[in-house]
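For reference, the chains in residue letters:
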Amino acid sequence: EPAAPILRGLARLAEGFPSGMSNWLAVTADRSASGHPVAVMGPQTGYFVPEILMEVAVHAPGFDARGATFPGVSLYVLLGRGPDFAWSATSGGSDLIDVRAELLCDPEGGTPAPDATHYVFDGGCVPMTVRTDTWLAKPNAAALEPPTVVEARVERTVHGPVFARGTVDGAPVAFVRQRSTFFGELDSALAFVELSSGAVHDAASFQRAISRVTGSFNWLYVDDRDVAYYHSGLYPVRAPGVDPDLPSWGTGDWEWRGFVPFEDHPLEVNPARGFIASWNNKPARDWRAADSTWTFGSVHRSEILADRLAARVPAGAVTPSDMVEIMADAATVDLRGQEVLPPVLRAIGRGPKDLGPALGLLQAWVADGAHRLDRDGDGEYEHQAAVALMEEWWEPLIRHVLDPSLDGLYEHVPSRFDDGNREAGLGSAFQGGYYGYVEKAVRMASGGRVDGRYEVLRCADGTRRGCRAALVESLREAIAALGPDPSTWDFDESSETIRFTAIGLLTIDPIPWQNRPTFQQVVEVTADAQAAGGSP
């Protein structure tokens, strides 16, 4: 089959979207100036020289599409537009992997050893698949030294690869990861075939086509009439009694009962509020995140986009330039300043007099949009002192607020206090951190209505007074570290500039920090384009 290499490339893409980077936003036809939906779509695959994504246009009998793809997968457009519609994706982060505890056994009937390679399944003692994989690895693409030979022993059961061993009630077990998409990667290719070859002609046909993607993604579609959303993925239906957050037995009694059907996935057409946005956030209320995703809480990075859309869209007559401005303005916002500081500052109130200057700096920063932005190019962020204070305050704030609940447990929570991408020069930031934990705990202590209240987590002792005291003490600690004079508070913005990774021998200079995509479309499909079969 000549298309087999392309299909394999599509499968690798479906498994390989970087998490926590891409975004998109759209406004419905009834709220736009033209009477047609407007979308700004931005997949993000990191900063490389040359870029990983490449733009292609495929126009041939049976094919009509233009957009982004990966080198070697150029027959089909993966993120882009057809003759009268456009589409894009963000990473979904939903739960399609379970951990199984395989009960080890001895085929001769004896006591199994801790490193045994047989396990109980469907009443038998069956062997694992065991092999040694060998490959060559280089430190980086430009390294001059020869590659290193790497070997790994792979043990696999019917459910997946072994990643750990242990005991349950004294019995030896092997823990494995069961992934629903294993051997289902190529199924995703069919979606892109349909997108590029004329099978998609409206919102419903798009949702059906993109539902073939087995990986977890949030998909946006626009044409001249509709805005549509679909959350793809092959999500297992667990057996009764199985807790998806905990390992379950792999003996055969607790197998998956099929997969979540099309109509039960998060999906929508022409949202009533007039807009939709995604920035790798939770796709829907009561939808399960992956076990490794600990940040789907009360604060999502997509709120940076949603708040700006909510302020502009109700007035109507939204233009493409309005949407681009919203995307650009959101790109330099500190999520903590927008979502966490307001309830924290309200809880502190007017505050002790010695904190007045610091509180004033933070309030002015929040009022100005909480940007990390050097508008005049002088090498310093505007609101420099507030940004420096936010950086110094964040860890003491977390510890004073949450230590009574979490002291000694932080290392067991697979999330950093703050997203480290800024420090690593990777650009995309504020996807993962303790933002929602702090925000909700403070709101709970403040006495307002809070949906989904924490059962254990509290701000300090959980009282309004105790929480305020913890906030005040943490702020004093940060100020003491910076010094008494706010005019001397400085943050080195060069520490978080975006650095490009060279795939070849050349690179380019760093650029200022921002939350922006690698490849961006601004789309408004007109009725004339729809009728003529032209391009957006």
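Colleague: Go over the state of the cysteines, please, and point to the residues and values.
Modeller: Per the stated rule, a full pass over the model turns up two disulfides. One disulfide in the model links C105 with C125; its S-S distance is 2.0 Å. Measuring handedness by torsion sign, the sulfur bridge of C105 and C125 sits at about 105° and is right-handed. Of this pair, C105 sits in the loop between β8 (97-103) and β9 (118-121) while C125 sits in strand β10 (residues 124-127), and the two are 20 residues apart along the sequence. Here C105 falls in the buried class, since its relative accessible area comes to 10%.

Colleague: Explain the pattern of salt bridges to me, using residue names and the numbers behind them.
Modeller: Under the defined criterion, the tally for this structure stands at 30 salt bridges. For the salt bridge of E155 with R153, the shortest nitrogen-to-oxygen distance reads 2.9 Å. Among the residues examined, E155 registers a relative accessible area of 13% and is labelled buried. Note on R153: relative accessible area 53%, which makes it exposed. R476 is the partner of D354 in a salt bridge, and the nearest nitrogen-oxygen pair spans 2.9 Å. A residue pair is termed long-range when its members are at least 10 positions apart, and D354 in the loop between α6 (335-348) and α7 (356-367) and R476 in helix α10 (residues 464-482) qualify at 122 residues.

Colleague: Can you tell me about a negative patch on the surface, naming the residues and giving the values?
Modeller: Taken together, the side chains of D376, D378, E380, D490 and D492 define an acidic patch exposed on the protein surface. Along the chain, E380 falls in the loop between α7 and α8 (384-406). The partly exposed category is assigned to E380, whose relative accessible area is 36%.

Colleague: Describe α10, naming the residues involved and giving the relevant values.
Modeller: A rise of 1.5 Å per residue sets the reference length of α10, with its 19 residues, at 27 Å; its end C-alpha atoms lie 27 Å apart and thus fit the reference within 8%. Residues of α10 that are buried: G466, C467, A470, L471, V472, S474, L475, A478 and I479. Where α10 is buried, its residues contact α6, α7, α8 and α9 (435-446). Phi for G483, located one or two positions after α10, is positive at around 110°.

Rules used in this analysis
Residues numbered from 1 in each chain as written. Predicted model: local features only at pLDDT ≥ 70, side-chain atom pairs only at ≥ 80, totals over all residues. Heavy atoms only, no water. Disulfide = S-S within 2.5 Å. Helix = DSSP H or I, 4+ residues; strand = E, 2+ residues; numbered from the N terminus. Buried < 20%, exposed > 50% of the residue type's maximum accessible area, 1.4 Å probe, protein only. Salt bridge = Lys/Arg side-chain N within 4 Å of Asp/Glu carboxyl O. Patch = residues over 30% accessible without salt bridge, like charges linked within 9 Å, V, L, I, M, F, W, Y side chains within 5 Å. Areas by Shrake-Rupley, 256 points an atom, 1.4 Å probe, with all protein chains shown as cover. Lys, Arg positive; Asp, Glu negative; His and termini not counted. Charge placed at Lys NZ, Arg CZ, Asp CG, Glu CD. Expected span 1.5 Å × (residues − 1). Contact = heavy atoms within 4.5 Å.

Read these as geometric descriptors, not functional statements.
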